[in-house]
Amino acid sequence: MHFSSEKRLDDNVVERAFTLGEIPGILWTPAASPDPVPAPLILIGHPPLGLGRMYPRLAGRARHYVAEYGFAAATIELPGCGERPRWAAAEQARADLRRAMESGGPVGGEIVDALILPLVDRAVPEWQAVLDELLALPGIGGPVGYEGGVISIGVRLAVVEPRIVAAGFFAGSLVPAAMFEEARRVTIPLHVLLQWDDEGNDRQAALDLFDAFGSREKTLHANLGGHTGVPEFELDTGARFFARHLKAERTASGA
């Protein structure tokens, strides 16, 4: 892992840009902490719109987690997005999705599969490789939470990555049918946000996915409003969810 820049922000958060191979990312950590115990880590996902475009929202979430709760937080660029090499199959899948949505008709399962499943297959191993490197850094020791982004990536990570002990998802309906079976294998605590009037989200599909999760603790927060209308208070609600689970897990492990 190579760090290419570092700056101290005005809330005593240190932001560092890094690359791991061809994967760019950003790490936020406390500038100084009296706590000798390494900080829990939250991995922050985002839609495949490019890290540069998503930066203001990602940085706002990350800085809240770090400044207010003492976590470390990190995000990475998704395959085929931002400045990463173009991915022809993903570009075609996005074009097919745009045409289907512009036509006003339903988005077929074959389009969703082509758009999401290859992305999950590529992104999850990259997240795991980055996680290996992050947990080896001084001051970061887990446990780990995952939040946001493409919900299918979060589902796969929750199934295959034992270091992730809690997850916060943003409900979305572009979920391949195959992911419902994976959702039944998810057992970690979940905090799920649903925008009730989301213009691009099939509400019933989102509710069906929530029902499929196998977790004994799963909470659904549904708010009125469209896709970008998530209330500001939900940021702190999610942070308290992670504090409850990540810090309790750290105490239980004797860290």
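Computed from a prediction, not measured in an experiment: that's the story for all the values here.

Quick notes on the rules
Residues numbered from 1 in each chain as written. Predicted model: local features only at pLDDT ≥ 70, side-chain atom pairs only at ≥ 80, totals over all residues. Heavy atoms only, no water. Core = buried A, V, L, I, M, F, W, Y, C linked by side-chain atoms within 4.5 Å. Buried < 20%, exposed > 50% of the residue type's maximum accessible area, 1.4 Å probe, protein only. Pairing = 2+ DSSP bridges. Helix = DSSP H or I, 4+ residues; strand = E, 2+ residues; numbered from the N terminus. Axes fitted to C-alpha atoms, helices over the stretch in contact; angles between N-to-C directions. Right-handed = clockwise from strand over helix to strand, strands pointing away. Contact = heavy atoms within 4.5 Å.

Draft legend 1. The nonpolar core, seen in detail. Of all hydrophobic cores here, the largest spans 58 residues; its most connected members are Leu41, Leu43, Ile153, Phe169 and Phe213. Among the nonpolar cores identified, the runner-up in size contains 23 residues, and Leu9, Ile42, Phe71 and Ala166 belong to it.

Draft legend 2. Structural context of the sheet that holds strand 5 (residues 72-76). Strands sit in the order 1-2-3-5-4-6-7-8-9 across an open sheet of nine strands; the sheet is mixed. Across the chains shown, the open sheet's two edge strands, defined by having one partner strand only, are strand 1 (2-8) and strand 9 (218-223). Put simply, the sheet's adjacent strands are angled 20 degrees from each other on average, direction ignored. Two elements, strand 2 (residues 13-20) and strand 3 (residues 23-30), share eight bridges in a ladder whose sense is antiparallel. Across the sheet, the residue bridging to alanine 17 is isoleucine 26, located in strand 3.

Draft legend 3. Quick look at the pairing of strand 7 (residues 164-170). A large share of strand 7 lies buried, amounting to six of its seven residues. With four bridges connecting them, strand 6 (residues 140-148) and strand 7 associate as parallel partners. Directly across from valine 144, in strand 7, lies its bridge partner isoleucine 164. Read as a crossover between parallel neighbours, the route from strand 6 over helix 4 (residues 151-160) to strand 7 is right-handed. Alignment of strand 7 against strand 8 (residues 190-195), held across four bridges, turns out to be parallel. Across the sheet, glycine 168 pairs through a bridge with histidine 191, a residue of strand 8.

Draft legend 4. Seen up close, the pairing of strand 4 (residues 39-45). Within strand 4, seven of the seven residues are buried, which leaves it mostly tucked inside the rest of the structure. Where strand 4 meets strand 6, six bridges bridge the pair, whose relative direction is parallel. Paired with isoleucine 44 across the bridge in strand 6 is glutamate 147. Bridge analysis of strand 4 against strand 5 gives three bridges, and the strand direction is parallel. Paired with leucine 41 across the strands is alanine 72, a residue of strand 5. In this fold, strand 4 hands off to helix 1 (residues 51-69), which returns the chain to strand 5; that crossover is right-handed.

Draft legend 5. Geometry of the environment of valine 159. With respect to the helices and strands, the residue valine 159 is situated in helix 4. Through-space distance from the C-alpha of valine 159 to that of glycine 142 is 18 Å; in sequence the pair is 17 residues apart. Apart from the residues within four sequence positions on either side, valine 159 is in contact with Glu182, Arg185 and Val186.

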